[in-house]
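# Survey of secondary and tertiary structure
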Amino acid sequence: MNGKTLRNAALGGILNNPVFVLVLGMCPTIAQSNSIINAFGLGCATAVVLVFSNIAISLLRKVIPDKVRLPAYIVIIATFVTIVQMVISGFLPELYASISSFIPLIVVNCIILGRAESFASKNSVLASAVDGLSMGIGFILSITLLGAIRQGLGAMGLSLFVQPAGGFIVLGFVMALFNCLMGIFKNRHKTLMEA
Amino acid sequence: MKNSTKSTLKSVLAMSVISVVCVAVLAFGNAFIPKYKPTLDLKTATMINELLPTGLDAQTAFDNGYFEMLELDEKKLADFNKNNRAEPNNKVLAVYKVVKGDYSGYTVVEAQGQGYSGNDPISLLTAFDEGAAVFDVKVKSQRENSPGTNGIFLDKNFDNFRKFIKGKTDVGASDIEATTGATSKYSIKGVANTVKISMQMAAALNENGGKL
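The structure contained in this document is the topic of the report that follows. Here the structure is a predicted model, which means the values were calculated and not measured. (Residues numbered from 1 in each chain as written. Chains lettered and ligands numbered in written order. Predicted model: local features only at pLDDT ≥ 70, side-chain atom pairs only at ≥ 80, totals over all residues. Heavy atoms only, no water.)

### Side note on the overall build of chain A
Worth spelling out the cut-off: Secondary structure elements are taken from DSSP: a helix is a run of H or I of four residues or more, a strand is a run of E of two residues or more, and numbering for both begins at the N terminus. It is over C-alpha atoms that the radius of gyration is taken, and the globule rule equals 2.2 Å times the number of residues to the power 0.38. Contact between two residues is taken to exist if any of their heavy atoms lie within 4.5 Å; hydrogens are not considered. The accessible surface values rely on the Shrake-Rupley method and a 1.4 Å probe; as for residues, cover is taken only from the protein chains in view. Charge assignment in this entry is limited to Lys and Arg as positive and Asp and Glu as negative, and neither His nor the chain termini are counted. Charge positions are represented by NZ for Lys, CZ for Arg, CG for Asp and CD for Glu.
For chain A, the count of helices and strands is nine helices and zero strands. What you see in chain A, going N to C, is helices and strands ordered as α-α-α-α-α-α-α-α-α. The C-alpha radius of gyration computed for chain A amounts to 17 Å, which stays within 12% of the reference 16 Å derived for 195 residues, consistent with globular compactness. Dimensions of chain A, computed from C-alpha atoms along their principal axes, come out at roughly 55 × 45 × 25 Å. Long-range pairs, those at least 24 residues apart, make up 78% of the contacts in chain A with a sequence separation of at least 6. Counting only carbon and sulfur atoms, one obtains 72% of the accessible surface of chain A, whose full area is about 9100 Å². Between the mean site of the 12 positive side-chain charges and the mean site of the 5 negative ones, chain A shows a separation of 7 Å.

Spelled out as structure tokens, the structure:
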């Protein structure tokens, strides 16, 4: 593992933000970003699964045969999702009541399988953990930002934005703004980005 | 051919080991992660105070011990639910008792039934008089998320349902459908099963002097 891999992993959550840049995990993003609490709760649950599944898959990357890697990843991810579901239902029943339908869907969240396949299966445990944490934080921040905007607009009487259709509209605008700002940042720090 | 067999065996072995480890982790989690148990919190006390008004605000009634949660034997409750449930998600979660005020001796049963999907049970608080007849009913939570079912029955038809169910000691889904004019069959079934198992619990407690 070199410093560049670790730095890229650490910055992945921003530079390759799973929601605004990679456009992954759209189903829970739209469905659960109608309030800040739901968005933050689901974001945290996803981030925890992402970190632990990345670590487990990286640990087992030399043991899992290529032929069965995807089913193996799914089994590992599903295990962590079930544990997270047990913990949330046991300790946070109110949150569980709000997001229970979407917790099992974390298993098939493209962010998690995507990071497992493209990063954790090829890199060291430390880099994979950092990548999972960075991507997880990126996901939490983006879904919570959308939740805040949608809840705020809903509180102002614009109930369309609490509905899925409004969620797509808000996501489109925030995504455009994010990529515009990222473009400006990348141009200004070209040398830093290429290093 | 030999390589292919070897590779297949290796894959099967790897998947088997991963599956066994994952099952062990889940079994460990299932054994040691605490399960949610309903408690008599302020939210529940507020709902009970709305069902069976004490004449005080919920916080005061809660602080002054107007309500208490019955200590039910966990095994007996599990057996009761197993013997009386209409579907796997249908169960009594807790029983509360009013111990002071005009409605002293009345019972409130918290139960749930399956709505549209298995992850989204309908949870009701059903209040019973001292003769185990329904006094009133209130939705504690409803989390059905399928388009077309969310809140249709409970929002639009619940007042009709409350009038219909008052004084009853038995109920069926067809009764609710006919009386309320509701059309969301999954919600109706969930509500009917929930009220029915609550009635059975109230009757059992009434017969056995407040014990299961």
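Picking up after the structure, the text goes on.
### Section: helix α2 (residues 42-51) of chain B
Rule in force here: Each residue gets one of three labels from its accessible area relative to the maximum for its type: buried under 20%, exposed over 50%, partly exposed in between, using a 1.4 Å probe on protein chains only.
Of all the positions in α2(B), only T44(B), A45(B), M47(B), I48(B), N49(B) and L51(B) are classed as buried. The inward-facing, buried residues of α2(B) abut α3 (58-63), β1 (67-69), β2 (91-98), β3 (107-114), β4 (121-128) and β5 (134-142) of chain B.

### Quick notes on the sheet that holds β5(B)
All names here are of chain B. Rule in force here: Think of it this way: DSSP has to see at least two bridges between two strands before they count as a pair. To obtain each axis, a line is fitted to C-alpha atoms, and for helices this fit is confined to the stretch in contact; angles are then taken between N-to-C directions over 0 to 180 degrees.
The strand order β1-β2-β3-β4-β5 describes an open sheet built from five strands, whose pairing is antiparallel. Both outer strands of the open sheet, β1 and β5, are each paired with one neighbouring strand and no more. Taking the axes of each pair of neighbouring strands and ignoring which way they run, one obtains an average angle of 25° across the sheet. Relative to β5, β4 is paired through seven bridges, and the arrangement is antiparallel. Opposite T126, over in β5, you have V137 as the bridge partner.

### Brief notes about the packing of aromatic side chains
The description of two aromatic rings rests on the distance between their centres and on the angle between their planes. Residues and elements named next belong to chain B. Note the threshold: Within 6.5 Å between ring centres, the rings of Phe, Tyr and Trp (the latter by its six-membered ring) count as paired, and their orientation is classed by plane angle as stacked under 30 degrees, edge-to-face over 60, tilted in between. Only Lys NZ and Arg CZ are tested; either one counts as a charge over a ring when it is within 6 Å of the ring centre and within 35 degrees of the ring normal.
A full pass over the atoms with the stated rule returns six aromatic pairs over all chains. Relative to Y106, the ring of Y103 lies with its centre 5.2 Å away and its plane at 70°, an arrangement referred to as edge-to-face. You can call Y103 partly exposed: its relative accessible area is 22%. By relative accessible area, which is 15% here, Y106 ends up buried. Ring centres of Y103 and F135 lie 5.3 Å apart, and the angle between their planes is 55°; this geometry places the pair in the tilted category. Residue Y103 is found in the loop between β2 and β3, and its partner F135 is found in strand β5; the two are separated by 32 residues along the sequence. Note on F135: relative accessible area 18%, which makes it buried. An aromatic cluster is present here, built from Y103, Y106 and F135 joined pairwise through their rings. Across the ring face of F135, the terminal group of K166 is positioned such that the distance to the ring centre comes to 4.6 Å. Its guanidinium or amino end placed over the ring of F164, K168 lies 4.6 Å from that ring's centre, counting from NZ or CZ.

### Here's the deal with the interface of chain B and chain A
Using the following cut-off: Computed with a 1.4 Å rolling probe, the buried area is the accessible surface lost when two parts are put together, summed over both parts. Salt bridge criterion: a side-chain nitrogen from Lys or Arg within 4 Å of a carboxyl oxygen from Asp or Glu. Each polar contact in these results corresponds to two N or O atoms within 3.5 Å; when the atoms are within protein, one needs to be able to donate a hydrogen and the other to accept it, and residues that are neighboring in sequence are counted only if both atoms are side-chain atoms. Residues are grouped as follows: Ala, Val, Leu, Ile, Met, Phe, Trp, Tyr, Cys and Pro are nonpolar; Asp, Glu, Lys and Arg are charged; every other residue, Gly included, is polar.
The interface of chain B with chain A comprises 23 residues on the first partner and 24 residues on the second. Surface buried jointly by chain B and chain A totals about 1800 Å² across both partners, of which 71% is contributed by carbon and sulfur atoms. Where chain B meets chain A, there are zero salt bridges. The tally of links between chain B and chain A comes to one residue pair in polar contact (both at pLDDT 80 or more). A per-element tally of the side of chain B that touches chain A places helix α1 (residues 2-32) of chain B first, with 14 residues. Partitioning the side of chain B that touches chain A into residue classes produces nine nonpolar, nine polar and five charged.

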